[in-house]
Amino acid sequence: SSQVYPIHLPRETRTRRALLICNIEFEHLSWRDGAKADVEGMRELLEGLGYTVDIHLNLTSEEMAKVMEGFADCKDHQTSDSTFLVFMSHGVRAGLCGTKSKGGTTDILSIDTIFERFNNKCCQGLRGKPKVIIIQSCRGGTVGSVMVGDSAGPALPAPSLAQAATAGLEDDAVCEVHLESDFAALHSSTPDTVSWRNPVTGSVFIQRLIKQFRDHACSSDLQEIFRKIQYSFGNFPKQMPSQERTTMLRKFYLFPGL
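Residues numbered from 1 in each chain as written. Predicted model: local features only at pLDDT ≥ 70, side-chain atom pairs only at ≥ 80, totals over all residues. Heavy atoms only, no water.

As recorded by an unreviewed UniProt entry, the protein chain carries the name CASP1 protein and is attributed to Atlantisia rogersi.

A. Representation of the sheet that holds strand β1 (residues 17–22) within the structure. Strand order in the open sheet made by the six strands is β2-β1-β3-β7-β8-β11, with mixed pairing throughout. Lying at the two open borders of the sheet, with one neighbouring strand each, are β2 (52–57) and β11 (242–244). Strand after strand, the sheet turns through a mean of 15° between neighbouring axes, direction not considered. Judged from the six bridges that link them, β1 and β2 form a sheet pairing that is parallel. When the sheet's bridge partners are listed, L19 is paired in β2 with D54. Lying over the sheet, helix α2 (residues 61–72) contacts β1, β2 and β3 (83–88), oriented at roughly 175° with respect to β1. Its contacts with the sheet place helix α4 (residues 204–216) against β3, β7 (131–136) and β8 (183–187), and it is angled at close to 145° to β7. (Pairing = 2+ DSSP bridges. Helix = DSSP H or I, 4+ residues; strand = E, 2+ residues; numbered from the N terminus. Axes fitted to C-alpha atoms, helices over the stretch in contact; angles between N-to-C directions. Contact = heavy atoms within 4.5 Å.)

B. Summary view of the nonpolar core. Counting 36 residues, the largest nonpolar core has M42, F84, I134, L209, F213, F226 and I229 as its most contacted members. When contributions to this core are tallied by element, the ones reaching two or more residues are β1, α1 (35–48), β3, β7, β8, α4 and α5 (222–231). The element that contributes the greatest number of residues to this core is α4, accounting for six residues. Residues L19, I21, M68 and F115 belong to the second largest nonpolar core, which totals 21 residues. (Core = buried A, V, L, I, M, F, W, Y, C linked by side-chain atoms within 4.5 Å. Buried < 20%, exposed > 50% of the residue type's maximum accessible area, 1.4 Å probe, protein only.)

C. The arrangement of the pairing of β3 in detail. Among the six residues in β3, six count as buried, and that is most of the element. Neither face of β3 is exposed, since T83, L85 and F87 on one face and F84, V86 and M88 on the opposite face are all buried. Relative to β3, β1 runs parallel, the two sharing six bridges. For C22, the partnering residue across the bridge sits in β3 and is M88.

D. The arrangement of the packing of aromatic side chains in detail. All told, the structure shown has seven aromatic pairs when counted by the stated rule. Note on F71 and F118: the rings are 6.2 Å apart at their centroids and 65° apart in plane angle, and the pair reads as edge-to-face. Of this pair, F71 sits in helix α2 while F118 sits in the loop between α3 (111–117) and β7; the two residues are 47 residues apart in sequence, bridging distant segments of the chain. Classification of F71 by relative accessible area gives buried; the value is 4%. The interplanar angle of 75° and the centroid separation of 5.9 Å between the aromatic rings of F84 and F213 together place this pair among those described as edge-to-face. One end of the pair, F84, is in strand β3; the other, F213, is in helix α4, with 129 residues separating them in the sequence. A residue is classified by how much of its surface remains accessible, and F213, at 2% relative accessible area, is buried. An aromatic cluster of three or more residues is present, and its members are Y51, F84 and F213. When the ring centre of F183 is taken as origin, the NZ or CZ atom of K131, which lies over that ring, is 5.3 Å away. (Phe/Tyr/Trp six-rings, centres within 6.5 Å; stacked < 30°, edge-to-face > 60°. Lys NZ or Arg CZ within 6 Å of the ring centre and 35° of its normal.)

This is the structure in structure tokens:
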């Protein structure tokens, strides 16, 4: 179907690669106890889905950027159909903390940098292919729950519809593509809120994500798996995973058995 991302190569000749960056030990911030369980769980999951996983631990923001640059240039992407980009660290509203971060604005990797490094201009090997971003981090210090009542609130405004006209444009035989497309990003929490981690078993988000992928990757497309992950937090009001900046044009089935 034209509505599904194609998988052209059989599994034995496919070169799927995934990147996993996890910061556990910090110079000024608390160590992320339990994060090693997240690393191992994600490694097992991604390898089971047919990805070779490049794992990097305890990096500064500059080192994270350099690792991403090298991974984006990997020739294996030419014979791959997709990638996973997994980031786990302390975080603030502005982005992910490097190992020298003191919080706030020091040693921070902007989320924008991830999208810029793997967009269709900078990473042509993955052009038109799904790029799945998983981010486990806090995004502020607010607890993500609130006590609610039954009082009537203001009515929601009617949605406005924006229409773009393309009449009069001519084709100059130059291939024009979206600068940023085919991304699917799932963050462990909504903006300004915290993410929760067990010091022994690992992050609540990562553990629930792993379970949903294991249970449903063989039959559900990626967006449906993301929805199932979010639904699993219905009984955990302190945290809600958030799909953001998603630009998937088709449905992405992992088909791990192929």
